[in-house]
Amino acid sequence: MNVTEAVTTRRSIRQFLPDPVDRAVLERVLDKAQRSPSGGNLQPWNLHVVGGDTLARLCDDLASVLPQGRAAHNGDYVIYPEALADRYAASRHEVGESMYAALNVARVDKAGRLAQFGRNYRAFGAPLLMLVHMPRYMGPPQWADVGMWLQSLMLLLREEGLDSCAQEAWAVYQKQIRAHVAIPDDHILFCGISVGYRDPDAPVNSFPVSRVPLEQVVTFIDA
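Below is a short write-up of the structure.

The rules behind each value
- Residues numbered from 1 in each chain as written.
- Predicted model: local features only at pLDDT ≥ 70, side-chain atom pairs only at ≥ 80, totals over all residues.
- Heavy atoms only, no water.
- Helix = DSSP H or I, 4+ residues; strand = E, 2+ residues; numbered from the N terminus.
- Buried < 20%, exposed > 50% of the residue type's maximum accessible area, 1.4 Å probe, protein only.
- Lys, Arg positive; Asp, Glu negative; His and termini not counted.
- Salt bridge = Lys/Arg side-chain N within 4 Å of Asp/Glu carboxyl O.
- Contact = heavy atoms within 4.5 Å.
- Axes fitted to C-alpha atoms, helices over the stretch in contact; angles between N-to-C directions.
- Parallel < 35°, antiparallel > 145°, perpendicular 65-115°, else oblique.
- Left-handed = near helix turned anticlockwise from the far one by under 90°.
- Nonpolar A, V, L, I, M, F, W, Y, C, P; charged D, E, K, R; others polar.
- Core = buried A, V, L, I, M, F, W, Y, C linked by side-chain atoms within 4.5 Å.
- Pairing = 2+ DSSP bridges.

## Points about the environment of Arg35
At step 1: For Arg35, the location among the structural elements is in the loop between helix H2 (23–33) and strand S1 (46–51).
At step 2: C-alpha separation for the pair Arg35 and Ser152, spaced 117 residues apart in sequence, amounts to 8.6 Å.

## Comments concerning the side chain of Arg11
At step 1: As for its placement among the helices and strands, Arg11 is situated in the loop between helix H1 (3–9) and H2.
At step 2: Of the side chains with opposite charge, Asp163 comes closest to the buried, unpaired Arg11, at an N-O distance of 8.1 Å.
At step 3: If we ignore the near neighbours within four places in the chain, the residues touching Arg11 are Ser164, Arg198, Val204, Asn205, Ser206, Phe207 and Val209.

## Observations regarding the packing of H2 against helix H6 (residues 140–159)
At step 1: With their axes 9 Å apart at the nearest point, H2 and H6 run at an angle of 140 degrees to one another. Considered as vectors, H2 and H6 are oriented oblique to each other. The element H2 and its partner H6 pack so that their crossing is right-handed. Contacts from Leu26, Val29, Leu30, Lys32 and Ala33 in H2 reach Trp149, Leu153, Leu156, Leu157 and Glu159 in H6.
At step 2: When its residues are assigned to classes, the contact of H2 with H6 shows eight nonpolar, no polar and two charged.

## Overview of the pattern of salt bridges
At step 1: Under the definition given, this model contains ten salt bridges.
At step 2: Measuring nitrogen to oxygen at the nearest pair gives 3.6 Å for the salt bridge that ties Lys32 to Glu159. Highlighted residues: Lys32 in helix H2 and Glu159 in helix H6, separated in sequence by 127 residues.
At step 3: Classification of Glu159 by relative accessible area gives partly exposed; the value is 40%.
At step 4: With its nearest N and O atoms 2.9 Å apart, the salt bridge here joins Arg107 to Glu97.

## A short note on the nonpolar core
At step 1: Ranked by size, the top nonpolar core spans 27 residues in total, and within it Val132, Val146, Trp149, Leu150, Leu153, Phe190 and Ile193 carry the most contacts.
At step 2: Contributions of two or more residues to this core are made by H2, strand S2 (128–135), H6 and strand S4 (187–196).
At step 3: For this core, the element with the highest residue contribution is H6, accounting for seven residues.
At step 4: In terms of nonpolar packing, the next biggest core, distinct from the first, is built from 24 residues, Ile13, Leu62, Val65 and Leu189 among them.

## Section: the sheet that holds S2
At step 1: Read from one edge to the other, the open sheet built from four strands follows the order S1-S2-S4-S3, with strand pairing classed as antiparallel. The open sheet has two edge strands with one neighbour each: S1 and strand S3 (163–167). Averaged over neighbouring strand pairs, the angle between their axes works out to 25 degrees when direction is ignored.
At step 2: Of the strand pairs in this sheet, S2 and S4 are connected by eight bridges, and their pairing is antiparallel. Paired with Leu128 across the strands is Val195, a residue of S4.
At step 3: Along the sheet face, H6 touches S1, S2, S3 and S4 and points at about 10 degrees away from the line of S4.

This is the structure in structure tokens:
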């Protein structure tokens, strides 16, 4: 698989097969991802890989607090700006509606939408969950470094035939997660990444996800 194939076939997978992931393959991917760029070579990313009984207990714990809604949230950062505008808001709305349409969940079906949202905290059935964290004193440049590492990691997973879903949704329950996973107190939990093999027959894994035209995001000057 070349880079273009990895980029074009990577997508956020929201229904995984239960098939296990070979530890040697995972270590190979993570070792290669260490070559990702970072300012000053700080390599600010840190990772816990969780599976088996620990992942099951964590998912059960979160399922018990989901009915509390936002009252149970305790994230370290705000995921989306409060006032998204223009194409940013439009893109977020479009992908959400496309996903629920693929699942045949109507806008008025609040219970159905909530049930699908809850699957975030079952790692969409994936056998592994990666939890990404970094020291709290790191600034925006280091957050960008972690983003570059995440993209490297997800593309390398595709090279191995694996799939992923990067989920900032996990960060809102950092307190509950720390009860199961020894993330240092002086680290911010950034996101979770569900990892495994996609279910090729699941409609939620094949609905179209658009991208804005190049002219809306790129300006050429004397180039």
